[in-house]
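# Understanding the architecture of this molecule
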Amino acid sequence: MITTIFYASKYGFTAKCVDYYKQNLNGNIKVVNLKNPPENMGDVMDQSDRIIIGGSVYVGLIQKEVKDFLTTHHDELLSKDLGLFMCGMRDEQEISQELDANFPKELRDHATFVSWLGGEFDFDKLSWIDKMIVKKIAKVNKTTTVFRQSELDQSIKSMERTAI
């Protein structure tokens, strides 16, 4: 069973979630950073039994690389065991709306899980403009992390059930 995790990460929190998946899912786990996709993407897709796709959200939108991947491979994704996740620092109501807005309904309905895994404002990594936005909009002025490990664990359990 080959699981491929496709993702894009701006400041690293999404990559941390991908690492957690890689360490805790059973089987052969491959990871594809959509910011540097392989030339043989068709082969990667063909070889994958299960696919997990995730990215972070900024100003309500998931990264362009993730959105483009979802559009380009929409029909192929409907033929695979699928999991979708998003990272971001919003309240749960806004995250629910962002999940709906950024993942097409047909893919959400097909997916084994659609999860919000938390997010992070890492002031050591944020650009100066992102720091200013976070301070003004989110009213946060220090590194803050929301890591939803229980949601990660639940999504792993959901994917493992599809492997049986």
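Residues numbered from 1 in each chain as written. Predicted model: local features only at pLDDT ≥ 70, side-chain atom pairs only at ≥ 80, totals over all residues. Heavy atoms only, no water.

## What about the overall build of the chain?
Rules: By the criteria applied, helices consist of DSSP H or I runs no shorter than four residues and strands consist of E runs no shorter than two, each listed in order from the N terminus. For this measure, only C-alpha atoms enter the radius of gyration; the expected value for a globule follows 2.2 Å times N^0.38, where N is the number of residues. Buried residues are those whose accessible area, probed at 1.4 Å on protein chains only, stays under 20% of the maximum for their type, while exposed residues exceed 50% and partly exposed ones sit between those limits. Should any heavy atoms of two residues lie within 4.5 Å, those residues are counted as being in contact. Accessible surface area values rest on a Shrake-Rupley calculation with a 1.4 Å probe, where residue burial reflects the displayed protein chains alone. His is not counted, nor are the chain ends; Lys and Arg add positive charge and Asp and Glu add negative charge. Lysine's charge is taken at NZ, arginine's at CZ, aspartate's at CG and glutamate's at CD.
For the chain, the count of helices and strands is 8 helices and 8 strands. Its C-alpha atoms give the chain a radius of gyration of 15 Å, near enough to 15 Å, the size a compact globule of 164 residues would have. Each principal axis of the C-alpha atoms in the chain carries an extent, and together these give about 45 × 30 × 25 Å. Relative to its full complement of 164 residues, the chain shows a buried share of 46%. Across the chain, every contact between residues at least 6 apart in sequence was considered, and the portion connecting residues at least 24 apart equals 77%. Split by element, the accessible area of the chain, about 8600 Å² in all, is 49% carbon and sulfur. Each charge class in the chain can be summarised by its mean position, and for the 21 positive and 24 negative side chains these summaries are 7 Å apart.

## Description of the pattern of salt bridges
For clarity, the cut-off: Criterion for a salt bridge: a side-chain nitrogen of Lys or Arg within 4 Å of a carboxyl oxygen of Asp or Glu.
Per the counting criterion, the structure on display carries 8 salt bridges. Between K35 and E65 there is a salt bridge whose closest N-O contact spans 4.0 Å. In this pair, K35 sits in the loop between strand 2 (28–33) and helix 2 (41–47) while E65 sits in helix 3 (residues 64–72), placing the two residues 30 residues apart along the sequence. In this structure E65 comes out as partly exposed when scored by relative accessible area, which is 28%. The shortest N-O distance in the salt bridge between K105 and D109 comes to 2.7 Å. One end of the pair, K105, and the other, D109, are both in helix 6 (residues 105–110), 4 residues apart, so they sit about a helical turn from each other. For K105, a relative accessible area of 52% gives the class exposed. The exposure class assigned to D109 is exposed, which follows from its relative accessible area of 53%.

## Observations concerning the packing of aromatic side chains
Short version of the rule: Working definition: rings of Phe, Tyr and Trp (its six-membered ring) pair if their centres are within 6.5 Å, and the pair is stacked with planes under 30 degrees apart, edge-to-face with planes over 60 apart, and tilted otherwise. Two conditions define a charge sitting above a ring: the NZ of Lys or the CZ of Arg must be within 6 Å of the ring centre, and it must be within 35 degrees of the ring normal.
One pass over the structure, following the stated rule, counts 5 aromatic pairs. Judged by centre distance (6.1 Å) and plane angle (80°), the rings of F13 and F147 are edge-to-face. Highlighted residues: F13 in helix 1 (residues 13–24) and F147 in strand 8 (residues 144–147), separated in sequence by 134 residues. Judged by its relative accessible area of 7%, F13 falls in the buried class. Put simply, the rings of F13, Y20 and F147 pair up and form one aromatic cluster. The lysine or arginine in question, K10, covers the ring of Y58, its NZ or CZ lying 4.8 Å from the ring centre.

## Regarding helix 8 (residues 149–162)
Because each turn of an α-helix spans 3.6 residues, side chains separated by three or four positions end up pointing in the same direction. As a reminder, the rule being used: One less than the number of residues in a helix, times 1.5 Å, gives the span that helix is expected to have.
With 14 residues, helix 8 ought to run about 20 Å at 1.5 Å a step, and its terminal C-alpha atoms sit 20 Å apart, in line with that. Buried residues of helix 8: L152, S155, I156, S158, M159 and E160, and no others. Looking at the buried residues of helix 8, the elements they touch are helix 1, strand 3 (50–58), strand 5 (81–87), strand 6 (113–116) and strand 8.

## With respect to the confidence of the model for the chain
Inclusion rule: Confidence of the predictor in every single residue is expressed as pLDDT, which spans 0 to 100.
On average, residues of the chain score 91 in pLDDT, and 99% of them are at 70 or above. When mean pLDDT is taken per element in the chain, helix 6 scores highest with 97 and helix 5 (residues 92–102) scores lowest with 86.

## Points about the layout of surface pockets
Heads up, the rule is: Definitions used for this entry: grid spacing 1 Å over protein atoms alone; cavity, a set of points where a 1.4 Å probe fits but cannot get out; pocket, an open set with protein on both sides within 12 Å along at least 5 of 7 lines; lining residue, one with an atom within 4 Å of a point. Grid points are joined across faces, edges and corners, and a volume is the space filled by probe spheres set on the points.
Taken as a whole, the largest pocket encloses approximately 600 Å³ of empty space. Together, 28 residues line the largest pocket, and V57, Y58, V59, F121 and V134 are the ones closest to its centre. Mapped onto the lining of the largest pocket, the elements with two or more residues apiece are helix 1, strand 3, helix 5, strand 7 (118–121) and helix 7 (128–138).

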